[in-house]
Amino acid sequence: MYKTLQPVLEKELNAIREAGLFKKERIITTPQGADIQTNDGKTVVNFCANNYLGLSSHPRVIAAAKNAIDTHGFGMSSERII
């Protein structure tokens with residue numbers, strides 16, 4: 001089935017690229033904060049995260065997360081409603 005669909009998808013992707021609408025994903029190489037670095041060496045303003053205060057890499061937040069994992073485990077065993 002994919003052999004039939006593949007040319008259709010490639011044609012659509014090429015049309016998107018030609019229209020200048022294709023978005024290439026950047027690889028972030030630093031902890032997320034207001035300013036981040038990407039794999040091309042550029043420093044950019046990070047508008048795509050909820051970490052605008054930089055708390056996800058704050059040492060106290062990391063320590064609290066580690067403590068929570070040690071005391072409560074990681075992940076949900078099932079849906080909360082069950």
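Residues numbered from 1 in each chain as written. Predicted model: local features only at pLDDT ≥ 70, side-chain atom pairs only at ≥ 80, totals over all residues. Heavy atoms only, no water.

Participant: Give me the lowdown on helix α1 (residues 2-18), citing residues and values where you can.
Facilitator: The end-to-end C-alpha separation of α1 is 23 Å, in line with the 24 Å expected for 17 residues at 1.5 Å each. Following α1 by one or two positions, Gly 20 has its phi on the positive side, about 75 degrees. (Helix = DSSP H or I, 4+ residues; strand = E, 2+ residues; numbered from the N terminus. Expected span 1.5 Å × (residues − 1).)

Participant: Can you explain a nonpolar patch on the surface? Please cite residues and give values.
Facilitator: A grouping of Tyr 2, Leu 5, Val 8 and Leu 9 is seen on the molecular surface, where their side chains present a nonpolar patch of about 370 Å² in accessible area. Within the secondary structure, Leu 5 is located in helix α1. (Patch = residues over 30% accessible without salt bridge, like charges linked within 9 Å, V, L, I, M, F, W, Y side chains within 5 Å. Areas by Shrake-Rupley, 256 points an atom, 1.4 Å probe, with all protein chains shown as cover. Salt bridge = Lys/Arg side-chain N within 4 Å of Asp/Glu carboxyl O.)

Participant: Could you give an account of the packing of aromatic side chains, with specific residues and numbers?
Facilitator: The tally for this structure, following the rule as stated, stands at 0 aromatic pairs. The ring of Phe 22 has Arg 17 lying over it, and the distance from NZ or CZ to the ring centre is 4.4 Å. (Phe/Tyr/Trp six-rings, centres within 6.5 Å; stacked < 30°, edge-to-face > 60°. Lys NZ or Arg CZ within 6 Å of the ring centre and 35° of its normal.)

Participant: Please give an account of helix α2 (residues 59-72) that cites residues and values.
Facilitator: With 14 residues, α2 ought to run about 20 Å at 1.5 Å a step, and its terminal C-alpha atoms sit 20 Å apart, in line with that. In the stretch just after α2, Gly 73 is the one whose phi turns positive, near 85 degrees.

Function-wise, these values are silent; they only describe arrangement.
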